[in-house]
Amino acid sequence: MTINLLGLIAAFTAFFSIWFGHVAVRKIESISPTIWLPSTIFAILGLACEWLSLEASSLQIATVFGILGITFLFDGFELNRQQKRIIKGHAPANPDNSRHAKILKEYASATTLDLLKREPMGLSLTIPEDARLLEK
Amino acid sequence: MSFFGILIGIVTLFIIGLGFPLVIQGERRFSYLCWPYMMGIGFVVIIASVFISISWLSAVAGVLGATFVWGSTELKEQAVRAEIGWYPYGQRKILPPFARIIEKWKAPHL
């Protein structure tokens, strides 16, 4: 039986690029005064990776850049979804960011509280109850 | 010029897309305590990918396994989302085997 490391390479690339994107999107959206600039940078990075994948001489390198490129493109799109989460209060707004300060002023649903920063309790709660738990 | 990497990337996008309902339904039906099982399935699929000689299938299996492992780290946060009403809360969950033991372990979150 022959060993094929391509699956392992694809798995590592997918896992770490998803992890990087998950953290980077939240961090960048929180501190960036605009969405279009980081979105454009992610889009350019994504397209560059896809081009490198097209030109790659080995399947391994093509796979790594193919997956990386798609996750970068997805991250560009996720920045917009993250802003919608801020508006809904599903992610904490950063009052030091002028864009977030404006959202906090315009949308009553927006909050600086991270409502997800706790352990599951195994029961259904309302949001005010959850906010009170966080304040304790 | 080879389209192999781009095609794997597009398949990756679809598999990541499948990861969302996997986490939502997994938590709703089996609670976040199913995380070791989801993680285990992910590692088994990744290990299996090493023994697949067909390149595209091996890569797809690797991505699928990675999505299961990632999904296992999202279950805890999904449980909180359901508890505060952002997603329907599963009232009648089927707890996975050894749930009482798993409850004492710290669920992963990245």
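Bear in mind the structure is a predicted one, so any value in this text is a computation, not a measurement. (Residues numbered from 1 in each chain as written. Chains lettered and ligands numbered in written order. Predicted model: local features only at pLDDT ≥ 70, side-chain atom pairs only at ≥ 80, totals over all residues.)

**Q** Please clarify how the overall build of chain A should be interpreted in this entry.
**A** When helices and strands are tallied, chain A shows five helices and zero strands. A globule of 136 residues ought to have a C-alpha radius of gyration of about 14 Å, yet chain A, at 19 Å, is considerably larger. Referenced to the eigenvectors of the C-alpha coordinate spread, the extents of chain A come out at roughly 55 × 40 × 15 Å. Among the 136 residues that make up chain A, the fraction classed as buried is 35%. The contacts of chain A with a sequence gap of at least 6 include a subset with a gap of at least 24, amounting to 52%. (Helix = DSSP H or I, 4+ residues; strand = E, 2+ residues; numbered from the N terminus. Rg over C-alpha atoms; globule rule 2.2 N^0.38 Å. Buried ≥ 20, exposed ≤ 12 C-beta atoms within 10 Å, placed from the backbone. Contact = placed C-beta atoms within 7 Å.)

**Q** Please explain the overall build of chain B as it appears in this structure.
**A** Each helix and strand counted, chain B has four helices and zero strands in total. Projecting the C-alpha coordinates of chain B onto the three principal axes gives extents of approximately 50 × 30 × 25 Å. Taken over 110 residues, chain B has a buried fraction of 40%.

**Q** Is there a simple way to explain the interface of chain B and chain A in this structure?
**A** Size of an interface: often given as the accessible area lost when the parts come together. Contacts between chain B and chain A engage 41 residues on the former and 42 residues on the latter. Put simply, the parts of the chain that give the side of chain B that touches chain A at least two residues each are helix H1 (4-30), helix H2 (35-50) and helix H3 (55-83) of chain B. Counting residues per element, the side of chain B that touches chain A draws most heavily on H3 of chain B, at 17 residues. Its residues placed into classes, the side of chain B that touches chain A shows 25 nonpolar, twelve polar and four charged. (Nonpolar A, V, L, I, M, F, W, Y, C, P; charged D, E, K, R; others polar.)

**Q** Help me out: how do you make sense of the nonpolar core in this one?
**A** Note on soluble globular proteins: their nonpolar side chains tend to be buried together. Ranked by internal contacts, the top residues of the largest apolar core, which has 46 residues, are Ala 10, Ala 11, Ala 14 and Ile 67 of chain A together with Val 63 and Ala 66 of chain B. Going through the elements one at a time, helix H1 (6-31), helix H2 (36-55) and helix H3 (59-88) of chain A together with H1, H2 and H3 of chain B are the ones with two or more residues in this core. The element that contributes the greatest number of residues to this core is H3 of chain B, accounting for 13 residues. Those residues in contact with Ala 14 of chain A that lie beyond four places of it in its chain are Ile 67 of chain A together with Thr 12, Val 63, Ala 66 and Thr 67 of chain B. (Core = buried A, V, L, I, M, F, W, Y, C linked by C-beta atoms within 7 Å.)

**Q** Hey, could you run me through the packing of H1 of chain B against H3 of chain B in this one?
**A** How two helices pack is summed up by the angle between their axes together with the distance between the axes. All names here are of chain B. Closest axis-to-axis distance for the H1/H3 pair is 7 Å, and the angle between their directions is 35°. Of the two elements, H1 crosses H3, and the hand of that crossing is right-handed. The residue inventory of the contact of H1 with H3, partitioned by class, reads 16 nonpolar, six polar and three charged. (Axes fitted to C-alpha atoms, helices over the stretch in contact; angles between N-to-C directions. Left-handed = near helix turned anticlockwise from the far one by under 90°.)

**Q** Mind showing me how you'd approach the environment of Ile 6 of chain B here?
**A** Topologically, Ile 6 of chain B is positioned in helix H1. Ile 6 of chain B sits 62 residues away from Phe 68 of chain B along the chain, and the two C-alpha atoms are 22 Å apart. Residues in contact with Ile 6 of chain B, not counting those within four places in the same chain, are Glu 50, Ser 53, Leu 54 and Gly 66 of chain A.

**Q** Help me out: how do you make sense of the packing of H2 of chain A against H3 of chain A in this one?
**A** Residue and element names in this part refer to chain A. The interhelical angle for the contact between H2 and H3, taken along N-to-C directions, is 165°, at an axis separation of 7 Å. In terms of orientation, H2 lies roughly antiparallel with respect to H3. The element H2 and its partner H3 pack so that their crossing is left-handed. Every residue of H3 that contacts H2 at Pro 38, Ser 39, Phe 42, Ala 43, Leu 45, Gly 46, Cys 49, Glu 50, Leu 52 and Ser 53 is listed here: Ala 62, Phe 65, Gly 66, Leu 68, Gly 69, Ile 70, Phe 72, Leu 73, Asp 75, Gly 76, Leu 79 and Asn 80. (Parallel < 35°, antiparallel > 145°, perpendicular 65-115°, else oblique.)

**Q** How should the environment of Ala 108 of chain A be read in this particular structure?
**A** Among the structural elements, Ala 108 of chain A can be located in the loop between helix H4 (98-106) and helix H5 (127-135). Linking Ala 108 of chain A and Gly 89 of chain A, residues 19 residues apart in sequence, is a C-alpha distance of 8.7 Å.

**Q** Sorry if this is basic, but what is going on with the confidence of the model for chain B here?
**A** Reading predicted coordinates in detail is not appropriate for stretches of low pLDDT. All names here are of chain B. Across chain B, pLDDT averages 94, with 100% of residues at or above 70. Within chain B, H2 carries the highest mean pLDDT (97), whereas helix H4 (residues 99-102) carries the lowest (93). What the predictor reports for the complex is a pTM of 0.90 with an ipTM of 0.92. (pLDDT = per-residue confidence, 0-100.)

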